[in-house]
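Structural overview
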Amino acid sequence: MSMRILACEIDGVYQVESSVVADSRGRFARLYCEDELAAVLMQRKIVQVNRSLTHKCGAVRGLHFQYPPHAEMKLVRCLKGRVWDVAVDLRAGSPTFLKWTACELSPENGRMMVIQEGCAHGFQVLEPDSELLYLHTAAYTPESEGAVRFDDPAVAIVWPLPVSELSERDRNHPLLDKSFQGLMI
Ligand SMILES: Cc1cn([C@H]2C[C@H](O)[C@@H](COP(=O)(O)OP(=O)(O)O[C@H]3O[C@@H](C)C(=O)[C@@H](O)[C@H]3O)O2)c(=O)[nH]c1=O
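Remember, predicted model here, so these are calculated numbers, not experimental data.

A few points about the overall build of the chain
Across its full length, the chain carries 2 helices and 13 strands. Against the compact-globule benchmark of 16 Å for 185 residues, the chain has a radius of gyration of 16 Å, which places it among compact chains. Each of the three principal axes of the chain carries a C-alpha extent, and together these read 55 × 40 × 30 Å. Counting all 185 residues of the chain, 48% fall into the buried class. For the chain, long-range pairs separated by at least 24 residues make up 78% of all intrachain contacts whose partners lie at least 6 apart in sequence. Of the roughly 9400 Å² of accessible surface on the chain, a fraction of 53% belongs to carbon and sulfur atoms. Each charge class in the chain was averaged separately, 20 positive and 24 negative side chains, and the resulting centres sit 2 Å apart.

Here you go:
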């Protein structure tokens with residue numbers, strides 16, 4: 001078993017590929033390994049694990065982040081179905097400020113997205129009833145939550161499918177202000 005860490009065009013965002021071993025019984029994969037992820041985690045600890053189920057193809061959740069001092073790293077996997085996972089760089093002074101990167105996650109490709117503090121995260125469902133597993137390095141703190149709207153022209157994400165469903169909250173996030181200089185992380 002081993003995990004391959006691939007850097008993305010946004011510094012601090014990684015795709016991690018885990019080998020998935022299949023036989024006549026089914027599949028086996030390592031989802032988390034403190035030793036193999038040490039270069040990414042850099043002393044951070046996983047303090048919360050969340051799971052979500054999203055029914056509809058085309059549904060979008062996000063894009064969410066937490067403001068400092070509750071900023072967090074998220075490690076995201078797809079346990080069932082298939083999703084298109086997106087990270088947006090919101091860090092002040094970053095050379096990729098307001099750029100986005102995406103990758104497909106599924107149990108079959110064994111891929112995990114690692115999203116660093118100061119980046120927003122969201123995803124679109126590509127197969128009905130997709131389930132995600134999140135590992136978080138900070139506790140959920142609703143009062144420190146921030147968001148980027150899925151269709152914010154300042155970021156201009158190109159979603160693979162028409163957006164079929166959003167939560168009330170996600171539909172109504174304000175657009176980024178023109179004066180937004182980024183998060184101080
Ligand atoms: C994220 C979260 C939500 N909740 C509650 C709040 C609410 O009643 C219910 C659903 O929350 P939300 O509508 O915020 O769920 P959702 O829109 O799925 O939020 C998630 O979106 C993706 C993109 C992420 O990156 C996640 O970290 C998380 O922010 O669960 C918790 O109790 N703990 C948590 O850690």
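So, next bit.
Focus on the layout of surface pockets
The volume enclosed by the largest pocket comes to roughly 560 Å³. Considering the residues around the largest pocket, the lining is formed by 30 residues, among which Arg61, His64, Tyr134, Glu145 and Arg169 are closest to the centre. Listing elements by their share of the lining of the largest pocket, those giving two or more residues are β5 (48-54), β6 (60-66), β11 (119-125), β12 (130-136) and α2 (168-171). Residue composition of the lining of the largest pocket, grouped by class: 10 nonpolar, 12 polar and 8 charged. Space inside the second largest pocket adds up to approximately 160 Å³. If you go around the second largest pocket, the residues you meet are Val20, Arg27, Phe28, Ala29, Leu31, Arg77, Cys78, Leu79, Ser106, Pro107, Gly110 and Arg111. Counting residues per element, the ones that place at least two in the lining of the second largest pocket are β4 (26-29) and β7 (74-80).

What about the side chain of glutamine 15?
Turning to its location among the elements, glutamine 15 is positioned in strand β2 (residues 14-18). A relative accessible area of 16% places glutamine 15 in the buried class. Excluding anything up to four places from it in sequence, glutamine 15 contacts Arg4, Ile5, Leu6, Cys8, Ala102, Cys103, Arg111, Met112 and Met113.

Observations concerning the packing of aromatic side chains
Using the criterion set out here, one finds 4 aromatic pairs in the structure. Between phenylalanine 65 and tyrosine 67, the aromatic rings sit 4.9 Å apart at their centres with planes inclined by 70°, giving edge-to-face as the arrangement. A connected cluster of aromatic rings, assembled from ring pairs, spans Trp84, Trp100 and Trp159.

Focus: the UniProt feature "active site" (unreviewed entry) in the chain
Following the UniProt record, the feature "active site" (unreviewed entry) maps to His64 and Tyr134 here. A compact arrangement is adopted by the annotated residues: their sequence extent is 71 residues, whereas the largest C-alpha distance between any two is 12.8 Å. As for the lining of the largest cavity, the annotated residues named previously contribute His64. Inspection of the secondary structure puts histidine 64 in strand β6. What makes histidine 64 buried here is its relative accessible area of 17%. By the secondary structure assignment, tyrosine 134 is in strand β12. Residue class for tyrosine 134 comes out buried when judged on its relative accessible area of 12%. Beyond its immediate chain neighbours, meaning those up to four positions away, tyrosine 134 contacts Gln48, Val49, Asn50, Ser52, Lys74, Leu75, Val76, His121 and Phe123.

Analysis parameters
As a convention, each chain's residues are numbered from 1 in the sequence order in which they are written. Reporting of local features is limited, given that this is a predicted model, to residues whose pLDDT is at least 70; pairs of side-chain atoms are given and counted only at 80 or more, and all residues count toward the totals for whole chains, interfaces and linings. For the side-chain quantities, the full set of heavy atoms in the structure was used; hydrogens and water were omitted. Comment: elements are numbered from the N terminus, with helices defined as DSSP H or I runs of at least four residues and strands as E runs of at least two. Our radius of gyration is a C-alpha quantity, and the globule rule it is checked against amounts to 2.2 Å times the number of residues to the power 0.38. Relative accessibility under 20% of the residue-type maximum defines a buried residue, over 50% an exposed one, and the middle range a partly exposed one, all with a 1.4 Å probe and only protein chains included. Throughout, a residue-residue contact means that at least one pair of heavy atoms, one from each residue, lies within 4.5 Å. Residue burial considers only the protein chains on display, and all accessible areas are found by Shrake-Rupley using a 1.4 Å probe. We count Lys and Arg on the positive side and Asp and Glu on the negative side, and we leave His and both chain ends out. Every charge is mapped to an atom, namely NZ of Lys, CZ of Arg, CG of Asp or CD of Glu. A cavity here means a set of 1 Å grid points, computed over protein atoms only, where a 1.4 Å probe fits but cannot escape. A pocket is an open set with protein on both sides within 12 Å along at least 5 of 7 lines, and lining residues have an atom within 4 Å of a point. Grid points are joined across faces, edges and corners, and a volume is the space filled by probe spheres set on the points. Only Asp, Glu, Lys and Arg are considered charged, only Ala, Val, Leu, Ile, Met, Phe, Trp, Tyr, Cys and Pro nonpolar, and every remaining residue, Gly among them, polar. For this analysis, a ring pair means two rings from Phe, Tyr or Trp (six-membered ring only for Trp) whose centres lie within 6.5 Å, classed as stacked if their planes differ by under 30 degrees, edge-to-face if by over 60, and tilted for the remaining angles. UniProt positions are given in the numbering used here, feature names are shortened, and annotations may be inferred rather than shown by experiment.

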